[in-house]
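Observations on the model geometry
Chain by chain, the residues:
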Amino acid sequence: MDFGLSEEQEMIVETVRAFVETEIYPHENEVERTGIVPPELGREIQRKCIDLGFYACNFPEEVGGAGLDHVTFTLVERELGRGSLGLTVFFGRPSGILMACEGEQRERYLLPAVRGEKIDALAITEPDAGSDMRGMKCAARRDGGDFVLNGTKHFISHADVADFVIVFAATGEEETPKGIKKKITAFLVDRGTPGFEILKGYDSVSHRGYHNCTLSFEDCRIPEAQVLGEVHRGFDIANQWLYGTRLTVAATCVGRARRVFDLALPYAAERKQFGKPIGANQGVSFKLADMITEIDAADWLTLAAAWQVDAGRPADRQIASAKLYASEMLARVTDEAIQIFGGMGLMDDLPLARFWRDARVERIWDGTSEIQRHIISRDLLRPLGA
């Protein structure tokens, strides 16, 4: 078993980390204070990422991406996790689901997204349909050669900067062993389409500057040519896509935890109380031991899951385990880091309070911790007939 990184992977890690430290860190405090990323700053980050050759690095070379394998891309996401999500979103990792584009869709959506000419957003969640995707009420009915879409989506990340949205809507029903379930179809919907409105979302304590939006569809007419994949097969497309986003959540949680640890360790060695460094006390040193053990465990769990995907092996359980453990690990590590810093840990002079607040949403989006536990336990019990 070889756990080492190749020279290329080491270079990629160093390059992305340097990018985050020089292009992201200097702007974080202002974004945290205002909750806004100026459009010109977003474009500048995007341009520098394109110049660096990392834009759409999660896409294959045949469509203009860097063609990174899942392990290497997970390393990229881990380093990006060290920075503010409101800023790193402009580093540019379009939704992998766009690989389902066919024909003219490739020219209108896929290739411009890979080149950084267009930004996409994914719209699945609704006020009454979160984990239960098939419970969505946003629906599209056929009308001649078009679909007419009505309904509402919310918690849609960075839709405020998107040029088009990949919208999942109910387009029928089917009988399943668990009763009647809705058939889901994915649509490519351009900003500015009549009947489609992007509204301000909710103010969040997590990831300031990275906005969620509410999307409203009122008799929004969409040509059938903008169906992504097949009609009624959107659920399958979504499932293929979700493994990538859950790996991303796990990797970014590891990156944030390492940045937090990198602050806590030297502070424990330098800060003195009662005539000695606080790290000399087991009350602090044992916290550090637990923190680094959990970080390393989450890191290897995440990379092992990515390796499973690259090897072409079933990885649903491994990905769910990585997302579950890494997101819950980040909550514990940020909390302990603040405890080590004491009152100073809650001050705006340090990013600890920000990471502490940011950590809370990681256990919710892209599949709650409860959903991940369901996936894991189902994978274990189904072969036994339970």
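Structure shown above.
We now turn to the structure provided with this report. (Residues numbered from 1 in each chain as written. Predicted model: local features only at pLDDT ≥ 70, side-chain atom pairs only at ≥ 80, totals over all residues. Heavy atoms only, no water.)

Re the pairing of strand E2 (residues 139-143)
The test is simple: Strands are labelled as partners when DSSP assigns at least two bridges between them. Starting at the N terminus, helices and strands are each numbered in turn, a helix being any DSSP run of H or I of at least four residues and a strand any DSSP run of E of at least two.
One ladder, built from five bridges, connects E2 with strand E3 (residues 146-157); its direction is antiparallel. Bridge pairing links Arg142 to Phe147 in E3. If you look at the hairpin formed by E2 and E3, you'll find two residues sitting between the two strands, and Gly144 has a positive phi there, around 65°.

Concerning the pairing of E3
Bridging between E3 and strand E7 (residues 212-223) involves nine bridges; their strand directions are antiparallel. Paired with Lys153 across the two strands is Leu215, which belongs to E7.

Details of the side chain of His154
Stated precisely, the cut-off is as follows: Polar contacts here mean pairs of N or O atoms no more than 3.5 Å apart (in protein, one a potential hydrogen donor and the other a potential acceptor; neighbouring residues in sequence count only if both atoms are side-chain atoms). Every residue pair with non-hydrogen atoms within 4.5 Å of one another is taken to be in contact.
Considering the arrangement of structural elements, one finds His154 in strand E3. A distance of 3.0 Å separates the side chain of His154 from the side chain of Tyr202, its partner in a polar contact. Once residues lying within four places of it in the same chain are set aside, the contact partners of His154 are Thr125, Glu126, Pro127, Tyr202, Cys213 and Thr214.

Topic: the packing of helix H6 (residues 234-270) against helix H7 (residues 282-310)
Threshold: In this description, a line fitted to the C-alpha atoms serves as the axis of each element, helices being fitted only across the stretch in contact, and the angle between N-to-C directions of two axes falls anywhere from 0 to 180 degrees. Angle categories: roughly parallel below 35 degrees, roughly antiparallel above 145, roughly perpendicular from 65 to 115, and oblique for all the rest. Left-handed describes a crossing whose near helix is turned anticlockwise from the far helix through less than a right angle; right-handed describes the clockwise counterpart.
Axis separation between H6 and H7 bottoms out at 10 Å; the angle between their running directions is 155°. When the axes of H6 and H7 are compared, the pair comes out roughly antiparallel. As H6 packs across H7, the resulting crossing turns out to be left-handed. Listed contacts from H7 to Tyr243, Leu247, Ala250, Ala251, Val254, Ala257, Arg258, Phe261, Ala264, Leu265 and Ala268 of H6 are Val284, Leu288, Met291, Ile292, Ile295, Asp296, Ala298, Asp299, Thr302, Ala305, Ala306 and Val309.

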